[in-house]
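Structural overview
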Amino acid sequence: SLPIDYVAVGPVFTTASKDNPDPVVGLNFVEQARRATRLPLVAIGGIEAENLVEVLQAGADAVAMISGLVAGCATAREVEIRARALLAIALTAGA
């Protein structure tokens, strides 16, 4: 067996972070992936504060985000504040 640590799934939503992104897989795919493996699932693609809870409730153990974390932030301190807010949202979702 291969030494696989986690499975990445996505893009879950439309993303502008790539010039030519793969087709959107959606929350149903996250749910299917969760049923298919016990490995940690990392969801990626178009994840922001507004949809973070849905992604985690669909079965993702973690998320990878770019715009949802840094868009509109001018300083490292602003990114840190946003990261803490996102963590608080994730914790309320039971992540």
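Please read these numbers as outputs of a predicted model, since none were measured by experiment.

Scoring rules and cut-offs
- Residues numbered from 1 in each chain as written.
- Predicted model: local features only at pLDDT ≥ 70, side-chain atom pairs only at ≥ 80, totals over all residues.
- Heavy atoms only, no water.
- 1 Å grid on protein atoms, 1.4 Å probe; cavity = no way out; pocket = protein on both sides within 12 Å on 5 of 7 lines; lining within 4 Å.
- Points joined across faces, edges and corners; volume = space filled by probe spheres on them.
- Nonpolar A, V, L, I, M, F, W, Y, C, P; charged D, E, K, R; others polar.
- Helix = DSSP H or I, 4+ residues; strand = E, 2+ residues; numbered from the N terminus.
- Salt bridge = Lys/Arg side-chain N within 4 Å of Asp/Glu carboxyl O.
- Buried < 20%, exposed > 50% of the residue type's maximum accessible area, 1.4 Å probe, protein only.
- Arc of directions from axis to C-beta.
- Contact = heavy atoms within 4.5 Å.

Attention now goes to the layout of surface pockets. Its volume calculated, the largest pocket comes out at about 300 Å³. Looking at the largest pocket, it is lined by 19 residues, and the ones nearest its centre are Thr-15, Ser-17, Ile-44, Gly-45 and Gly-46. For the lining of the largest pocket, a count of residues per class yields 8 nonpolar, 8 polar and 3 charged. If you add up the space inside the second largest pocket, you get close to 200 Å³. Lining the second largest pocket we find 12 residues, and of these Leu-52, Val-63, Leu-86, Leu-87 and Ala-90 sit closest to its centre. Elements represented by at least two residues in the lining of the second largest pocket include exactly helix H2 (52-57), strand E3 (62-64) and helix H4 (76-92). Along the lines of polarity and charge, the residues of the lining of the second largest pocket split into 11 nonpolar, no polar and 1 charged.

As a further point, take the pattern of salt bridges. Taken as a whole and assessed by the stated rule, the structure comprises 3 salt bridges. Note that Arg-77 is salt-bridged to Glu-80, the shortest N-O span being 3.1 Å. With Arg-77 and Glu-80 both in helix H4 and 3 residues apart, this pair spans about one turn of that helix. According to the relative accessible area criterion, Glu-80 is partly exposed, its value standing at 32%. For Arg-84, the salt bridge identified is with Glu-80, shortest N-O distance 2.9 Å. Linking Arg-84 with Glu-80, this pair stays in helix H4, spanning 4 residues, or about one helical turn. Arg-84 gets classed as exposed once you look at its relative accessible area, which sits at 57%.

Below, the discussion takes up helix H1 (residues 26-36). Of all the residues in H1, the buried ones are Gly-26, Val-30 and Ala-33. The arc that holds the buried residues of H1, viewed along the axis, is 110 degrees, so those residues lie on one side. Of the exposed residues in H1, the ones pointing more than 90 degrees away from its buried face are Asn-28 and Arg-35. On its buried face, H1 is in contact with strand E1 (7-9), strand E2 (41-44) and H2.

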